[in-house]
Amino acid sequence: MNLKKLLLGTFLFFLMTAAKEIKITDYLNLPAIPFEYNNTLPAYFTASVVGIDNTPVANPITNNGATLGRVLFYDKNLSLNRTVSCASCHKATEGFSDSRVLGVGFAGGTTGRHGMTLINARYYENGRFFWDERAATLETQVLLPLQDATEMGLTAIQISQRVSAQPYYNQLFINAFGDNAVTNDRVSKALAQFVRSIISYQSKYDVGRVQVNNRNNPFPNFTTQENQGKQLFLTPINIVNGANIGGGGCAGCHNSEAFISVRPENNGLDLVTIDSGVGGVAPVRNNLIGAFKNSSIRNIELTAPFMHDGRFSTLEQVVEHYNSGIQAHPNLSNPLKNPNGTPVRLNFITVQKSALVAFLKTLTDNSLATEARWSNPFCLTNLSFSGTVTSGTFQSSNEISVQNGSTTQIQSGNEVNFISGKSILINPTFEVKAGSVFKAQISGCN
């Protein structure tokens, strides 16, 4: 192609792109009417969480606000090199947690602790976040990973700049807040609304719970083993003459139907402090050294590895820790101590341990990973395809902008060099800047 033809093609390309109206649907898979994010919860669930909802009066969940939060949650433009998003360490298919022991940031560095599940975060009574509770509110917490040097690498100023630069946010902010002003405060509120909407209440446990007046009663839909495990979970520990004639007392720290604690605990992972946890956050509180926030154990089957450092890879290992491995740390939580101060030993036999694991698996709620309202809105059908990409066209339902002077066949997963006349998204990972050449993968989303 000679220079004259190249210039003419480029000129025509700019005319076409300038004339096209930018629509959210060019970038995002969002419904015309937003999803419902205020869940209609079962009566037994609602009754159990009265007084522990940390939603502030100034930031109630709205459908448009949570929709904006959903897009922000999955947007990789909010990391320095546009390679990771909040969802990279909180995956819906992994219980909004991370199957890796430590999260991996935008430049390949690893986080200091395991990625905590976000499920039922709304019902942690004191409203503090992170394993060490250093964030006083969820609204504070959601902006900190974006500004962390390892995780996402932006500065506070860059957050609003990055959001403002994406064409699809203009209407989303209008929908959520009444105008298109982008501020970090609004970003934090929208993200917090989306996170608080992630509530688990559709597991096998819930199918059984609605059929009984009291959760201590056997569930009709449970196996004998699962009902045995439920009783062990709910029944307090009762040590008599060195023998436990009670249960595991698990509900003492994982209470309410949200299965979430009301305070940080030291669960005896170590005899000597390795990580100071909540107690190490200024002002230092010696009585909380080695204590950590307890997240909900809803969907625990999907959130391995377990604990703040990801030391346990299976539920069997977790149960064995409480059965025989609790260490006598100076700040060991009272429910895990005998009257003489020594660590509790449940002394469960194999059949009891297996029953407890079986019960924990009844808390698995696959709806969180399958319902579209919590899914990646950048997963567009036009981003994963097999077809012809021609020069001089703007991205639409079946075309992607490319100005390379030829017609190119692109199979899903293959690579091609693009030149774009304006900033457009090629897929959730890459953005083509105006006038630049960029290599991108056409492979849906990840």
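Notes on the structure in this doc start here.

About the cut-offs
Per chain, residues are indexed from 1 in the order of the written sequence. In keeping with the predicted nature of the model, local features appear solely for residues at pLDDT of at least 70, side-chain atom pairs appear and are counted solely at 80 or more, and the whole-chain, interface and lining totals rest on all residues. Only hydrogens and water are removed before side-chain values are computed, so all heavy atoms of the structure are retained for them. We call a set of buried residues a nonpolar core when its members are Ala, Val, Leu, Ile, Met, Phe, Trp, Tyr or Cys and they connect through side-chain atoms within 4.5 Å of each other. Summary of the burial criterion: residues with accessible area below 20% of their type's maximum are buried, those above 50% are exposed, and those between are partly exposed, where the area comes from a 1.4 Å probe applied to protein chains only. Strands are runs of DSSP state E lasting at least two residues, helices are runs of H or I lasting at least four, and both sets are numbered from the N terminus onward. Here, residues are in contact when the closest pair of their heavy atoms is within 4.5 Å. Throughout this description, a polar contact denotes any pair of N or O atoms lying within 3.5 Å of each other; where both atoms belong to protein, one of them has to be capable of donating a hydrogen while the other can accept it, and for residues adjacent in sequence the pair is counted only when both atoms sit in side chains. Fitted lines through C-alpha atoms give the axes, limited to the stretch in contact for helices. The angle between two N-to-C directions lies from 0 to 180 degrees. Angles below 35 degrees are treated as roughly parallel, those above 145 as roughly antiparallel, those between 65 and 115 as roughly perpendicular, and all remaining angles as oblique. Each residue is assigned to one class: nonpolar for Ala, Val, Leu, Ile, Met, Phe, Trp, Tyr, Cys and Pro, charged for Asp, Glu, Lys and Arg, and polar for all the others, Gly among them. Arc definition: directions from the helix axis to the C-beta atoms. In the sections that follow, a salt bridge refers to a side-chain nitrogen of Lys or Arg positioned within 4 Å of a carboxyl oxygen of Asp or Glu. Only Phe, Tyr and Trp rings take part, Trp by its six-membered ring, and two of them pair if their centres are within 6.5 Å. Stacked means planes under 30 degrees apart, edge-to-face means over 60, and tilted covers everything else.

This part takes up the nonpolar core. Among the nonpolar cores identified, the biggest contains 47 residues, and Leu 72, Phe 73, Phe 96 and Tyr 169 are the most heavily contacted of them. Among the elements of the structure, α3 (63–74), α6 (156–165), α7 (169–177) and α8 (184–196) are those that each provide at least two residues to this core. With 28 residues, the next largest nonpolar core counts Cys 250, Leu 346, Phe 359 and Leu 360 among its residues.

Okay, the environment of Pro 34 next. Structurally, the position occupied by Pro 34 is in the loop between α1 (3–19) and α2 (43–48). The partly exposed category is assigned to Pro 34, whose relative accessible area is 29%. Excluding anything up to four places from it in sequence, Pro 34 contacts Asn 63, Asn 64 and Thr 67.

Within the secondary structure, Asn 323 sits in helix α11 (residues 315–325). Looking at Asn 323, its side chain comes within polar contact range of the main-chain nitrogen of Phe 348, at 2.6 Å. When residues no more than four places from it in sequence are discounted, the contact partners of Asn 323 are Arg 345, Leu 346, Asn 347, Phe 348 and Lys 353.

Further remarks concern the packing of helix α10 (residues 224–234) against helix α12 (residues 350–361). Contact geometry for α10 and α12: axes closest at 7 Å, N-to-C directions at 95°. Here α10 is positioned roughly perpendicular relative to α12, judged by the angle of their axes. Of α12, the residues touching α10 (which contributes Gln 225, Glu 226, Gln 228, Gly 229, Lys 230, Leu 232 and Phe 233) are Val 351, Gln 352, Ser 354, Ala 355, Leu 356, Ala 358, Phe 359 and Leu 360. Per-class residue counts for the contact of α10 with α12 are eight nonpolar, five polar and two charged.

What follows is about α7. Tyr 169, Leu 172, Phe 173 and Ala 176 are the residues of α7 that are buried. Angularly, the buried residues of α7 cover 95° about the axis, an arc narrow enough to put them on a single face. For α7, the secondary structure elements touched by its buried residues are α3, α6 and α8. Backbone geometry just after α7 places Gly 178 at a positive phi near 95°.

Further remarks concern unusual backbone geometry. The omega torsion of the bond from Ala 282 to Pro 283 falls at -5°, within 30 degrees of zero and hence cis. Structurally, Pro 283 is set in the loop between β2 (243–244) and α11. The phi torsion at Arg 82 lies on the positive side, around 60°, for a residue other than glycine. Position of Arg 82 relative to the elements: it lies in the loop between α3 and α4 (138–141). The class for Arg 82 is buried, based on a relative accessible area of 16%. Even without glycine at this site, Phe 96 takes up a positive phi of about 50°. Residue classification places Phe 96 among the buried residues on the basis of a relative accessible area of 0%.

Okay, the pattern of salt bridges next. Under the criterion given, the structure shown has 19 salt bridges. Residue Arg 113 pairs with Asp 132 through a salt bridge whose shortest N-O separation is 3.0 Å. Separated by 19 residues along the polypeptide, Arg 113 in the loop between α3 and α4 and Asp 132 in the loop between α3 and α4 bring together distant segments of the chain. Salt-bridge contacts for Glu 257 lead to Arg 209; the nearest nitrogen and oxygen are separated by 2.8 Å. Remark: Arg 209 occurs in helix α9 (residues 204–209) and Glu 257 occurs in the loop between β2 and α11; sequence separation between them is 48 residues. Neither residue differs from the other here; Glu 257 and Arg 209 are each classed as buried. Bridged by salt links that share partners, the residues Lys 91, Glu 94, Asp 98 and Arg 100 form one connected network.

Okay, the packing of aromatic side chains next. Any two aromatic rings considered together are summarised by their centre-to-centre distance and by the angle between their planes. Scanning the entire structure with this criterion turns up 16 aromatic pairs. Here the aromatic rings of Phe 73 and Tyr 74 are separated by 5.3 Å at their centres, their planes lie at 75°, and the arrangement is edge-to-face. Classification of Phe 73 as buried rests on a relative accessible area of 2%. Judged by centre distance (6.1 Å) and plane angle (35°), the ring pair of Phe 173 and Phe 177 falls under tilted. Highlighted residues: Phe 173 and Phe 177, both in helix α7, separated by four residues, approximately one helical turn. You can call Phe 173 buried: its relative accessible area is 0%. Residue class for Phe 177 comes out partly exposed when judged on its relative accessible area of 24%. Here the aromatic residues Tyr 205, Phe 219, Phe 222, Phe 233, Phe 259 and Phe 359 are joined through ring pairs into a cluster of three or more.

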